[in-house]
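# Residue-level structural notes
The residues making up each chain are set out below.
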Amino acid sequence: MTVFFIGAGPGDPELLTLKAARIIGECPVCLYAGSLVPSEVVACAPSGARIMDTAPMTLDQTHAAILEAHRQGQNVARVHSGDPSLYGAIAEQIRRLKADGIDYQIIPGVPAYAAAAAALGTELTIPEVAQSIILTRMSMKSTAMPAGETLENFARTGATLAIHLGVRALREIERQLIPFYGADCPVAIIYRVGWPDQQIIRGTLTDVREKVRAAKITRTALILVGPALSDSHGFPDSALYDAARPHVLRPKVNAS
């Protein structure tokens, strides 16, 4: 048997990849993180499949369910939100699978930051404004961040920041980022991106915290910060389609 770690995307069932939907539809056992993955995402599981919401389960309990499926020779769809390579908590699961000699595969999914950018109708890498995206998170009650992976260090780059698990730490985010990005730096808070109750809050490092408080958002939100979110800068066109810059697939266009 094989355990398939499947990226379910941010919430919209239509953002499942074709491969993910096919595998979920073939697995007799399906474990999904119900706090972050809508039940509609696993509705394509086969009739009679054993479907378990792992939100209230421990690592030992989820692994026990996998071991039971292994004894019965049943493939398992282990469905995670977004893309499982980002804060998917799959590393410790894989460690146990390897120890028990159980095969696994990873099926990528749409990450939250990509879905958030789509919901905002924007690009996160703007020529001569920001050409990098830093994916990070706040510690809060989660595992501590490694030394050196601080908002201050990331902010020195001027890159677009995608901050997970930080909506309850907006005051601290403001304190650390304003010295580098400025008080008027644009911020977007995307709550439950891809879900029917999705909300988008736009503001600046100065005022977004009060807007989030008024909306009573306390969890399941992604924070995007950086000058690339602004509509006001006059950035140059990308060199990608510049007629004056030929490449192997496009010879130089002669001026008429």
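Let us look at the structure shown here. (Residues numbered from 1 in each chain as written. Predicted model: local features only at pLDDT ≥ 70, side-chain atom pairs only at ≥ 80, totals over all residues. Heavy atoms only, no water.)

## Observations concerning the nonpolar core
The condition is simple: Buried Ala, Val, Leu, Ile, Met, Phe, Trp, Tyr and Cys residues form a nonpolar core when they are joined through side-chain atoms within 4.5 Å. Buried residues are those whose accessible area, probed at 1.4 Å on protein chains only, stays under 20% of the maximum for their type, while exposed residues exceed 50% and partly exposed ones sit between those limits. To qualify as a helix, a DSSP run of H or I must reach at least 4 residues; to qualify as a strand, a run of E must reach at least 2; elements of each kind are numbered from the N terminus. Contacts are assigned to residue pairs that have any heavy atoms within 4.5 Å of one another.
Residues Leu161, Ile163, Leu177, Ile189 and Val225 are the most contacted members of the largest nonpolar core, which totals 26 residues. Mapped onto this core, the elements with two or more residues apiece are helix H5 (151–155), strand E7 (160–164), helix H6 (170–181), strand E8 (186–191), helix H7 (208–215) and strand E10 (221–225). Ranked by residues supplied to this core, first place goes to H6 with four residues. Excluding residues within four positions of it along the chain, isoleucine 189 makes contact with Val167, Leu170, Gln199, Ile200, Ile201, Val208, Val212, Ala221, Leu222 and Ile223. Residues Phe4, Ile23, Tyr32 and Ala33 belong to the second largest nonpolar core, which totals 19 residues.

## Remarks on the sheet that holds strand E3 (residues 50–53)
The cut-off we apply is this: Two strands pair under a simple rule: DSSP has to find at least two bridges between them. Geometry is summarised by axes, namely lines fitted to C-alpha atoms with helices restricted to the contacting stretch, and by angles between N-to-C directions that run from 0 to 180 degrees.
If you trace the five strands from one edge of the open sheet to the other, you get E3-E2-E4-E1-E5, paired in parallel fashion. Two strands lie at the open edges of the sheet, namely E3 and strand E5 (103–107), each paired on one side alone. Mean inter-strand twist for the sheet, computed between neighbouring axes without regard to direction, equals 15 degrees. Alignment of strand E2 (residues 29–32) against strand E4 (residues 76–80), held across four bridges, turns out to be parallel. Paired with tyrosine 32 across the strands is valine 79, a residue of E4. Its contacts with the sheet place helix H2 (residues 59–71) against strand E1 (2–7), E2, E3 and E4, and it is angled at close to 165 degrees to E2.

## Describing the packing of aromatic side chains
How we decide: Two aromatic rings, drawn from Phe, Tyr or Trp (for Trp, its six-membered ring), form a pair once their centres lie within 6.5 Å of each other, and the interplanar angle then sorts them: stacked below 30 degrees, edge-to-face above 60, tilted otherwise. In our convention, an over-ring charge means Lys NZ or Arg CZ found within 6 Å of a ring centre and within 35 degrees of that ring's normal.
Inspection of every chain in the model, using the stated rule, returns one aromatic pair. Ring centres of phenylalanine 5 and tyrosine 104 lie 6.2 Å apart, and the angle between their planes is 70 degrees; on these two criteria the pair is classed as edge-to-face. With phenylalanine 5 in strand E1 and tyrosine 104 in strand E5, the pair connects residues that are 99 residues apart, well separated along the chain. On the basis of relative accessibility, which here comes to 0%, the residue phenylalanine 5 falls in the buried class. Classification of tyrosine 104 by relative accessible area gives partly exposed; the value is 29%. Just above the ring of tryptophan 195 sits the side chain of arginine 192; from NZ or CZ to the centre is 3.9 Å.

## With respect to the side chain of aspartate 83
Heads up, the rule is: A residue counts as positive if it is Lys or Arg and as negative if it is Asp or Glu; His and the chain ends are not included. Any Lys or Arg side-chain nitrogen found within 4 Å of a carboxyl oxygen on Asp or Glu counts as a salt bridge.
Within the secondary structure, aspartate 83 is located in the loop between E4 and helix H3 (91–99). With no salt bridge to any partner, buried aspartate 83 finds its closest opposite charge in lysine 19, at an N-O distance of 12 Å. If we ignore the near neighbours within four places in the chain, the residues touching aspartate 83 are Pro108, Gly109, Val110 and Pro111.

## Comments concerning the pattern of salt bridges
Tallied over the entire structure, the rule returns nine salt bridges. Two residues, arginine 22 and glutamate 26, come together in a salt bridge whose shortest N-O distance is 3.4 Å. Among the charged side chains, a network of salt bridges with common partners joins Glu174, Arg209, Glu210 and Arg213.

## Some details on the sheet that holds E7
Overall, mixed pairing links the five strands, which are arranged E6-E7-E10-E8-E9 in an open sheet. The outermost strands of the open sheet, each flanked by one partner alone, are strand E6 (133–137) and strand E9 (199–204). On average, adjacent strands in this sheet sit at an angle of 20 degrees to one another, irrespective of strand direction. Here E8 runs beside E10; their pairing, made up of five bridges, is antiparallel. Each residue of the ladder has a partner; that of isoleucine 189, found in E10, is isoleucine 223. Docked against the sheet, helix H4 (residues 112–120) engages E6, E7, E8, E9 and E10, running at close to 70 degrees with respect to E10.

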